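Chain and residue survey
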Amino acid sequence: MISINGLSLSVVKPKIAFTKSPYLVPLFFHNPKTSSSSPSQVALRPVSSSMSYDKELAAAKKAASLSARLCQKVQKVLLQSDVQSKSDKSPVTVADYGSQALVSFVLQRELPSEPFSLVAEEDSGDLRKDEAQETLERITKLVNDTLASDESYATSTLSTEDVLRAIDSGKSDGGSHGRHWVLDPIDGTKGFLRGDQYAIALALLDEGQVVLGALACPNLPLASIGGVNQHPSQGEVGCLFFANIGTGTYMQLLNSSSATKVQVTAIENPEEASFFESYEAAHSIHDLSSSIAKKLGVKAPPVRIDSQAKYGALSRGDGAIYLRFPHKGYREKIWDHAAGCIVVTEAGGVVTDAAGNPLDFSKGRYLDLDTGIIVTNQKLMPSLLKAVRDSLEEKASSL
């Protein structure tokens, strides 16, 4: 129990990180003793400085969109030789490498006067081996063909060594000082290989805080995927979500320049909520998510899809909750959540760990957090935190 301004709330008290900033976004928690239309304000969370990131956001959108174009081309003609194996046994495609090289090149070309630091998933180690030369040449051709499809890069031709250097630009460790781009070149590689959802997820950290994000989801329909069907039979497919701190979240088709502002769902009753979770059981503990949903009274079955496309779908109100509880020993990487996090929070949502603490992207390549990640709107968060806490306590007592 915590008491604030005379009000007693049965919620887990989040840790609030304050920074020097004139922008403030209120976090609200619902008090059952007050009207549902007048939530109780418990904290103001500073967001960022007043400086503009318009130029950086434009570069991020261009990089993510071009990368999506490359990935779409590869997925259509996926060849057996396009799949490499990494030491952690997760599949890596030529699109992973090509996407990272392309994003790195575009950002440096579009922002030539800025120091460049990129925290990204891939490195060129495997591609420098003799047996990978054919794969490297294919990646280089894909990158050059994609650049040639954009008139502003029509005269740009990269060598294999240029591509290797671009991939290795992603070796930064990030941190709390300066600016660092954060990239997952293909988030949801298994979904990509199955022909399902995947995302190109790009974000910018400034002094350890996510200040913008671009999330390209080539297989995500423009229509809602709030039901169990993530592949509606009709309608346009391929979405780009983008957010600039303090200005909201927008969505547009990948092949369009017309954007629409989006908002998370305003649902207050947990029984009416639907929730997303990872497609792969190896990525998240489905039984725990099921227990939480049961405690909340959620009636709809979970929508299981790959990648940060879940963050994009949630930001436009397709569902109300996203639960992620990795298996013991797994460490979350910042590139798996940075872009998605700002896309949801700028759309009015809340992203925390299982204890209600905001995610901290300033510690390097990994997130240090409590147990898992939960995402929802401000009205549902108190009841969701309680259900998470109760389910975790039950799980611990049964061991």
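Per chain, the residues get numbers from 1 upward, laid out in the order the sequence is written. The model is predicted, so local features are restricted to residues of pLDDT at least 70 and side-chain atom pairs to those at 80 or more, both for listing and for counting; the totals for chains, interfaces and linings are taken over all residues. Heavy atoms throughout the structure, all of them, feed into the side-chain values; hydrogens and water do not.

1. A look at the overall build of the protein
Quick note on the threshold: Numbering of helices and strands starts at the N terminus; helices are DSSP runs of H or I of at least 4 residues and strands are runs of E of at least 2. Contacts were defined at the residue level, with two residues in contact if any of their heavy atoms lie within 4.5 Å. Each accessible area is a Shrake-Rupley result for a 1.4 Å probe, and residues are judged covered by the shown protein chains and nothing else.
What the protein contains, in helices and strands, is 9 helices and 18 strands. Relative to all contacts within the protein whose residues are 6 or more apart in sequence, the contacts with residues 24 or more apart total 71%. For the protein, the accessible area works out to roughly 17,200 Å², and carbon and sulfur atoms hold 50% of it.

2. Observations concerning the confidence of the model for the protein
Let me state the cut-off plainly: Predictor confidence is given residue by residue as pLDDT, running from a minimum of 0 to a maximum of 100.
The share of residues in the protein with pLDDT of 70 or more is 81%, and the mean pLDDT across the chain is 84. Across residues 1-49 the pLDDT falls below 50, and counting only partners more than four positions away or on other chains, this stretch makes 88 contacts in the model.

3. Describing the sheet that holds strand E18 (residues 373-377)
Filter applied, for reference: The pairing criterion for strands is at least two bridges between them, as found by DSSP. Orientation is described by lines fitted to C-alpha atoms, with helices fitted over the stretch in contact, and by angles between N-to-C directions that extend from 0 to 180 degrees.
Taken in spatial order, the 5 strands make up an open sheet running E15-E14-E16-E18-E17, and their pairing is mixed. Only two strands of the sheet have a single neighbouring strand rather than two, namely strand E15 (303-305) and strand E17 (349-353). Strand-to-strand twist of the sheet, defined as the mean angle between neighbouring strand axes without regard to direction, takes the value 20 degrees. The sheet contact formed by strand E14 (residues 275-278) and strand E16 (residues 321-324) spans 2 bridges and is parallel. Its bridge partner being in E16, Phe276 is matched across the sheet by Tyr322. Relative to E17, helix H8 (residues 338-345) is tilted by about 140 degrees, and along the sheet it contacts E17 and E18. Strand contacts of helix H9 (residues 381-397): E16, E17 and E18, with the helix running at about 155 degrees to E18, the strand carrying the most contacts.

4. Observations concerning the pattern of salt bridges
Inclusion rule: Put simply, a salt bridge is a Lys or Arg side-chain nitrogen that is within 4 Å of an Asp or Glu carboxyl oxygen. Burial classes: relative accessible area under 20% of the type maximum marks a residue as buried, over 50% as exposed, and values in between as partly exposed (1.4 Å probe, protein chains only).
Summed over the entire model, instances satisfying the criterion amount to 25 salt bridges. Across the pair Glu110 and Lys62 runs a salt bridge whose closest N-O atoms are separated by 3.6 Å. On the criterion of sequence distance, the pair formed by Glu110 in helix H2 (residues 94-110) and Lys62 in helix H1 (residues 54-76) is long-range, its members being 48 residues apart. One salt bridge in this structure joins Lys295 and Glu394, with 2.7 Å as the shortest N-O distance. Separated by 99 residues along the polypeptide, Lys295 in helix H6 (residues 286-296) and Glu394 in helix H9 bring together distant segments of the chain. Exposure remark for Glu394: the relative accessible area of 43% places this residue in the partly exposed category.

5. Comments concerning the packing of H2 against helix H3 (residues 133-148)
Put simply, the test is: With respect to orientation, any angle under 35 degrees is reported as roughly parallel, any angle over 145 as roughly antiparallel, any angle of 65 to 115 as roughly perpendicular, and every other angle as oblique. Working rule for handedness: look at the near helix, and if it is turned counterclockwise from the far one by less than a right angle, call the crossing left-handed; if clockwise, right-handed. The nonpolar class holds Ala, Val, Leu, Ile, Met, Phe, Trp, Tyr, Cys and Pro. Asp, Glu, Lys and Arg form the charged class, and all remaining residues, Gly among them, are polar.
At their nearest, the axes of H2 and H3 sit 9 Å apart, and the two run at 45 degrees to each other. Considering their axes alone, H2 and H3 lie oblique with respect to each other. The way H2 lies across H3 gives a crossing that is right-handed. Residues Val94, Tyr97, Gly98, Ala101, Leu102, Phe105 and Val106 of H2 form the contact with H3, whose own contacting residues are Thr135, Arg138, Ile139, Leu142, Val143, Thr146 and Leu147. In the contact of H2 with H3, the residues fall into 10 nonpolar, 3 polar and 1 charged.

6. A closer look at H9
Here is the rule: Multiplying one less than the number of residues by 1.5 Å gives the expected span of a helix.
Taking 1.5 Å per residue, 17 residues should reach 24 Å; H9 reaches 24 Å between its end C-alpha atoms and fits that length. Among the residues making up H9, those that are buried are Met381, Pro382, Leu384, Leu385, Ala387, Val388 and Ser391.

7. Here's the deal with the nonpolar core
How we decide: In this description, a nonpolar core means a group of buried Ala, Val, Leu, Ile, Met, Phe, Trp, Tyr and Cys residues linked to one another through side-chain atoms lying within 4.5 Å. Note that the domain bounds were set by an automatic or database domain assignment.
In terms of nonpolar packing, the biggest core is built from 92 residues, with Trp181, Leu215 and Phe361 touching the most fellow members. The element that contributes the greatest number of residues to this core is H1, accounting for 10 residues. Both domains that furnish three or more residues to this core are identified here as domain 1 (54-262) and domain 2 (264-397). When sequence neighbours within four positions are dropped, the list of residues in contact with Phe361 reads Leu205, Gly208, Val210, Ile334, His337, Ala338, Cys341 and Leu367. Among the nonpolar cores identified, the runner-up in size contains 20 residues, and Ala273, Val298, Leu380 and Val388 belong to it.

8. Re the packing of aromatic side chains
Definition in use: Ring geometry is summarised as follows: Phe, Tyr and Trp rings, the Trp one being its six-membered ring, pair when their centres sit within 6.5 Å, and such pairs are stacked at plane angles under 30 degrees, edge-to-face over 60 and tilted between the two. By definition here, charges over rings are those cases where NZ of Lys or CZ of Arg is within 6 Å of the ring centre and within 35 degrees of the ring normal.
A complete count under the given rule lists 4 aromatic pairs for this structure. Seen in terms of ring centroids, Phe105 and Tyr153 are 5.9 Å apart; in terms of plane orientation they differ by 65 degrees. Their pairing is edge-to-face. Of this pair, Phe105 sits in helix H2 while Tyr153 sits in the loop between H3 and helix H4 (160-168), and the two are 48 residues apart along the sequence. A relative accessible area of 13% means that Phe105 is categorised as buried. Ring plane angle 15 degrees and centroid distance 5.8 Å describe the contact between Phe242 and Tyr250, whose orientation is recorded as stacked. For Tyr250, a relative accessible area of 26% corresponds to the partly exposed category. Lying across the ring of Phe242, Lys61 places its NZ or CZ 4.0 Å from the centre.

9. Let's talk about the pairing of E14
Pairing geometry for E14 and E15, over 3 bridges, is parallel. From the neighbouring strand, Ser278 faces E15, where its bridge partner is Ile305.

10. Some points on the sheet that holds strand E7 (residues 118-120)
Spatially, E7-E8-E9-E10-E11-E12-E13 is the arrangement adopted by the 7 strands of the open sheet, whose pairing is mixed. Each edge of the open sheet is held by one strand with a lone partner, namely E7 and strand E13 (260-262). Put simply, the sheet's adjacent strands are angled 20 degrees from each other on average, direction ignored. Looking at chain direction, strand E10 (residues 209-221) and strand E11 (residues 237-244) are connected through 7 bridges and run antiparallel. Looking across to E11, one finds that Ala216 is bridged to Leu240. Here H1 sits on the sheet in contact with strand E8 (179-187), strand E9 (199-206), E10, E11 and strand E12 (249-253), set at roughly 30 degrees to E10.

11. Topic: the environment of Ser289
Inspection of the secondary structure puts Ser289 in helix H6. With relative accessibility at 0%, the residue Ser289 sits in the buried group. As for Ser289 and Val388, which are separated by 99 residues in sequence, their C-alpha atoms are 8.5 Å apart.

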